[in-house]
Amino acid sequence: MKHYSAQSKESALQKMMPPNNIAIAQLSIEMGIGESTLYNWRKQAIDKGHLVPGNGKNAEQWSSANKFSVVLETASLNQAELAEYCRSKGLYVEQVSAWRNACMDANANVKEQEKAFSIEAKKDKKQINQLEKELRRKDKALAETAALLVLRKKANAIWGEAEDE
């Protein structure tokens, strides 16, 4: 098992982080470090709460978790600090603001959604009851028809076929 220095690890993590955001496959080739090692380092950094996309995508293509991490990291920053943070990460202040608004609006429509789900559930229950009622009616009709056929067969067996039929 090959051991890497802390400097190599830190350098690789810096290259995975914004603004560089180099894909792990490319970084593996550049640095001569195995992809599995880089993925492991990225996982450890993410577990520690660092923002490490390392997938080569621009900021708008990041996962929701990474965007949310940026929102959390910038929540207590003033405008000047936010601008500095964005410059260091290769982001725009407008992007972070849009992500913050999206996070804040994520649960805004919960009551309306619950009401819509409730109405939909009532409609579904009504339709289910109607279909069950129709099914019971058809089952009764089928049972009656089967009973009549059985009685006709028994009657024909006892008295024979009627000649006018």
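**Looking at helix H1 (residues 6–16)**
- Of the positions making up H1, those classed as buried are Ala12, Leu13 and Met16. The buried residues of H1 occupy an angular sector of 100° when projected down its axis, which confines them to one face.
- Looking at the packing, one finds that the buried side of H1 touches helix H2 (24–31) and helix H3 (35–47).

**Some words on helix H5 (residues 79–89)**
- Along H5, the positions that sit buried rather than exposed are Leu82, Tyr85, Cys86 and Lys89. End-on, the buried residues of H5 take up no more than an arc of 100°, which puts them together on one face. Summarising the geometry of H5, the exposed residues directed more than 90 degrees from the buried face are Ala80 and Arg87.
- Along its buried surface, H5 packs onto helix H4 (64–74) and helix H6 (93–105).
- Backbone geometry just after H5 places Gly90 at a positive phi near 75°.

**A short note on the nonpolar core**
- Counting ten residues, the largest nonpolar core consists of Ala12, Leu13, Met16, Ile22, Ile24, Leu27, Ile33, Leu38, Trp41 and Ala45.
- Put simply, the parts of the chain that give this core at least two residues each are H1, H2 and H3.
- Counting nine residues, the second largest nonpolar core, distinct from the first, contains Val70, Cys86, Leu91 and Trp99.

**Quick notes on the pattern of salt bridges**
- As enumerated under the stated definition, the model contains two salt bridges in all.
- Between Glu84 and Arg87 there is a salt bridge, with its nearest N and O atoms 3.0 Å apart. Taken together, the residues span about one helical turn, with Glu84 and Arg87 both in helix H5 at a distance of three residues.
- Take Glu84: its relative accessible area is 45%, and that puts it in the partly exposed class.
- Judged by relative accessible area, Arg87 falls into the exposed class, the value being 55%.
- In this structure, the salt-bridge partner of Lys138 is Glu134, at a minimum N-O distance of 3.1 Å. Placement of both Lys138 and Glu134 in helix H7 (residues 110–159) is noted, with a separation of four residues, approximately one turn of the helix.
- Residue Lys138 is classed as partly exposed on the basis of its relative accessible area, which comes to 43%.
- Judged by relative accessible area, Glu134 falls into the partly exposed class, the value being 32%.

Parameters and conventions
- Residues numbered from 1 in each chain as written.
- Predicted model: local features only at pLDDT ≥ 70, side-chain atom pairs only at ≥ 80, totals over all residues.
- Heavy atoms only, no water.
- Buried < 20%, exposed > 50% of the residue type's maximum accessible area, 1.4 Å probe, protein only.
- Helix = DSSP H or I, 4+ residues; strand = E, 2+ residues; numbered from the N terminus.
- Arc of directions from axis to C-beta.
- Contact = heavy atoms within 4.5 Å.
- Core = buried A, V, L, I, M, F, W, Y, C linked by side-chain atoms within 4.5 Å.
- Salt bridge = Lys/Arg side-chain N within 4 Å of Asp/Glu carboxyl O.

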